[in-house]
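Overview (structure and organization)
For reference, the chains in residue letters:
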Amino acid sequence: MRSVGANIAPKGEATVSDILTITLNPALDINTETDKVVPDVKLRCTEPQVDPGGGGINVARAIRHMGGNATAIVAAGGHNGNRLLDLLASEGIPTITIPSPGETRASVVVNCKETGLQYRYVLPGPPWEENHVRLAITTTVQNAPKDGLIILSGSQPPGVPLDFEESLSAAISHAGARLIVDTSGPALRRIVEDHNSPPFLLRSDDEEAEGLAGHKLATPADTAAFSRGLIEKGVAQNIIFARGSEGSVLTTPEGSWLATAAKVEVVSKVGAGDSYVGGFALSLSRGNSIQEAARYGAAAASAAVTTEATQLCRGEDVERLLPQCKLIEL
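Just so we're clear, the structure is a prediction, and the values are computed from it rather than from any experiment.

This next bit is on helix α5 (residues 185-193). Among all positions of α5, only Ala 187, Leu 188, Ile 191 and Val 192 are buried. Along the axis of α5, the buried residues cluster in a sector spanning 140 degrees; they form a single face. Among the exposed residues of α5, those oriented more than 90 degrees off its buried face are Pro 186 and Glu 193. Those residues of α5 that are buried are in contact with α4 (164-172), β9 (178-182), β10 (201-205), α6 (206-213) and α7 (220-232).

Below, the structure is given as structure tokens:
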């Protein structure tokens, strides 16, 4: 296993970047297909495609595909962890490794040729203890880009406390870095209910938003109104909720906007959210406004759904689809 703090980057390329991503629960993403999915028989599958996976990793990969650079903090362990790091190195993603308490997990996507349906099997990660949590925060603080962006994305392994985001936000505040949190489930609810250190930006999807609101958010304006209430309560400085094929609603203290998605043929929705965050962060790091960053994120998400499974977005597709993505003030 590579040592803590080991950087992997293409020869001649700096490992320091203005964007740092964090993946506590990475996975080897295995994608394959079979003629049909039925029980109690051996299903003969095609040669699998194996990619490094996990929220922050996919954000860093998407940024790379769009011509940017992000450094990825990755918790990795065992054979799967070593393979994951090798795959990241082959893609030119600079990484900072922290030891995982166990074998890095795998996730499997099986596409059924007969029905066109996709089956996703996600295994749990190894349980963490308090010392692993402290190391993750310390490593992030040590490598926080001054006045840059830190992206916490993906699921949390068992044992990581629900207030991890709050602890991280407080710990990095001295560096002036802006924290983007892309989360869901209990971790998202904790941020909403107990928010002493609000992040620069909180992102999730419409299903999570409706769960928090306790009622249907039928229109983008409904999502915007709910988001404004969260900002007024101090949950986050800015909020983005995705609304599927409609696009995403950005809300700031100044107002709300719908960044529309481009009209494309959907091949796979896997990786669309990570591509959105990657496009948003890359645009923001280049000095664009938060509204323009939301539009660029929408183009990246639109590009991602046109590719198979774990391929994420392609830079040329993002640029081609960008003119189709509009900003509509709500």
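Moving on to the pairing of strand β12 (residues 247-252). For β12, the buried fraction is high: six of the six residues fall into the buried class. As defined by bridge partners, strand β11 (residues 238-242) adjoins β12 across four bridges and the pair is classed as antiparallel. Within β12, the residue paired with Ala 242 across the bridge is Ser 248. From the end of β11 to the start of β12, which pair antiparallel, there are four residues, and Gly 244 there has a positive phi angle of about 60 degrees.

Right, let's talk about the packing of α5 against α6 for a bit. Contact geometry for α5 and α6: axes closest at 11 Å, N-to-C directions at 50 degrees. Considering their axes alone, α5 and α6 lie oblique with respect to each other. Remark: the crossing between α5 and α6 carries right-handed chirality. For the pair α5 and α6, the contacting residues are Gly 185, Leu 188, Arg 189 and Val 192 in the first and Glu 208, Gly 211 and Leu 212 in the second. When its residues are assigned to classes, the contact of α5 with α6 shows three nonpolar, two polar and two charged.

Before going further, it helps to examine empty space enclosed by the protein. The final tally for this structure, using the stated rule, is two cavities of 30 Å³ or more. Within this model, the largest cavity holds a volume of roughly 70 Å³. Taken together, Leu 152, Ser 153, Gly 154, Gln 156, Leu 162, Glu 165, Val 181, Asp 182, Thr 183, Ala 187 and Ile 191 form the lining of the largest cavity. Only β8 (149-153), β9 and α5 provide two or more residues apiece to the lining of the largest cavity. Looking at the second largest cavity, its volume works out to about 40 Å³. Lining the second largest cavity, in full, are Leu 24, Asn 25, Pro 26, Ala 75, Ser 100, Glu 103, Thr 104, Arg 105, Pro 126 and Trp 128. Looking at the lining of the second largest cavity residue by residue, the classes come out as five nonpolar, three polar and two charged.

Attention now moves to the environment of Ile 98. Mapped onto the elements of the fold, Ile 98 is located in strand β5 (residues 95-99). Residues Ile 98 and Val 74, 24 residues apart in the sequence, show an inter-C-alpha distance of 6.1 Å.

Let us now look at the side chain of Glu 166. Structurally, Glu 166 can be placed in helix α4. Arg 190 provides the closest opposite charge to the buried, salt-bridge-free Glu 166, at an N-O distance of 4.4 Å. Those residues in contact with Glu 166 that sit more than four places away from it in its chain are Arg 190, Asp 194, Asn 196 and Ser 197.

Using the criterion set out here, one finds one aromatic pair in the structure. With centroids separated by 6.1 Å and ring planes inclined at 25 degrees, the aromatic side chains of Phe 226 and Phe 241 adopt a geometry described as stacked. Here Phe 226, found in helix α7, pairs with Phe 241, found in strand β11; they are 15 residues apart in sequence, far enough to count as distant. Classification of Phe 226 as buried rests on a relative accessible area of 17%. Judged by relative accessible area, Phe 241 falls into the buried class, the value being 1%. Directly above the ring of Phe 200 sits Arg 178, whose terminal nitrogen or CZ lies 5.1 Å from the centroid.

For the rest of this paragraph, the subject is the side chain of Thr 21. For Thr 21, the location among the structural elements is in strand β1 (residues 19-23). Here Gly 56 takes part through its backbone oxygen, which lies 3.1 Å from a polar atom of the side chain of Thr 21. Discounting residues that sit within four places of it in the chain, Thr 21 has contacts with Gly 56, Ile 57, Val 59, Ala 60, Ala 70, Thr 71, Ala 72, Ile 73 and Ile 151.

Our focus in this paragraph is the nonpolar core. In terms of nonpolar packing, the biggest core is built from 52 residues, with Met 66, Ile 180, Phe 280, Cys 313 and Val 318 touching the most fellow members. It is helix α9 (residues 290-304) that contributes the most residues to this core, ten residues altogether. When near neighbours in sequence (up to four residues on either side) are disregarded, Met 66 contacts Ser 275, Gly 278, Gly 279, Leu 282, Arg 286, Tyr 296, Ala 300, Cys 313, Gly 315 and Val 318.

As a volume, the second largest pocket reaches approximately 270 Å³. Glu 33, Asn 111, Gly 116, Gln 118 and Val 267 are, among the 16 residues lining the second largest pocket, the residues nearest its centre. Secondary structure elements with two or more residues in the lining of the second largest pocket: β2 (27-34) and β6 (105-112). With three residues, the top contributor of residues to the lining of the second largest pocket is β2. Its residues assigned to classes, the lining of the second largest pocket comprises five nonpolar, seven polar and four charged.

The rules behind the values
Residues numbered from 1 in each chain as written. Predicted model: local features only at pLDDT ≥ 70, side-chain atom pairs only at ≥ 80, totals over all residues. Heavy atoms only, no water. Buried < 20%, exposed > 50% of the residue type's maximum accessible area, 1.4 Å probe, protein only. Helix = DSSP H or I, 4+ residues; strand = E, 2+ residues; numbered from the N terminus. Arc of directions from axis to C-beta. Contact = heavy atoms within 4.5 Å. Pairing = 2+ DSSP bridges. Axes fitted to C-alpha atoms, helices over the stretch in contact; angles between N-to-C directions. Parallel < 35°, antiparallel > 145°, perpendicular 65-115°, else oblique. Left-handed = near helix turned anticlockwise from the far one by under 90°. Nonpolar A, V, L, I, M, F, W, Y, C, P; charged D, E, K, R; others polar. 1 Å grid on protein atoms, 1.4 Å probe; cavity = no way out; pocket = protein on both sides within 12 Å on 5 of 7 lines; lining within 4 Å. Points joined across faces, edges and corners; volume = space filled by probe spheres on them. Lys, Arg positive; Asp, Glu negative; His and termini not counted. Salt bridge = Lys/Arg side-chain N within 4 Å of Asp/Glu carboxyl O. Phe/Tyr/Trp six-rings, centres within 6.5 Å; stacked < 30°, edge-to-face > 60°. Lys NZ or Arg CZ within 6 Å of the ring centre and 35° of its normal. Polar contact = N/O pair within 3.5 Å; in protein donor to acceptor, adjacent residues only side chain to side chain. Core = buried A, V, L, I, M, F, W, Y, C linked by side-chain atoms within 4.5 Å.

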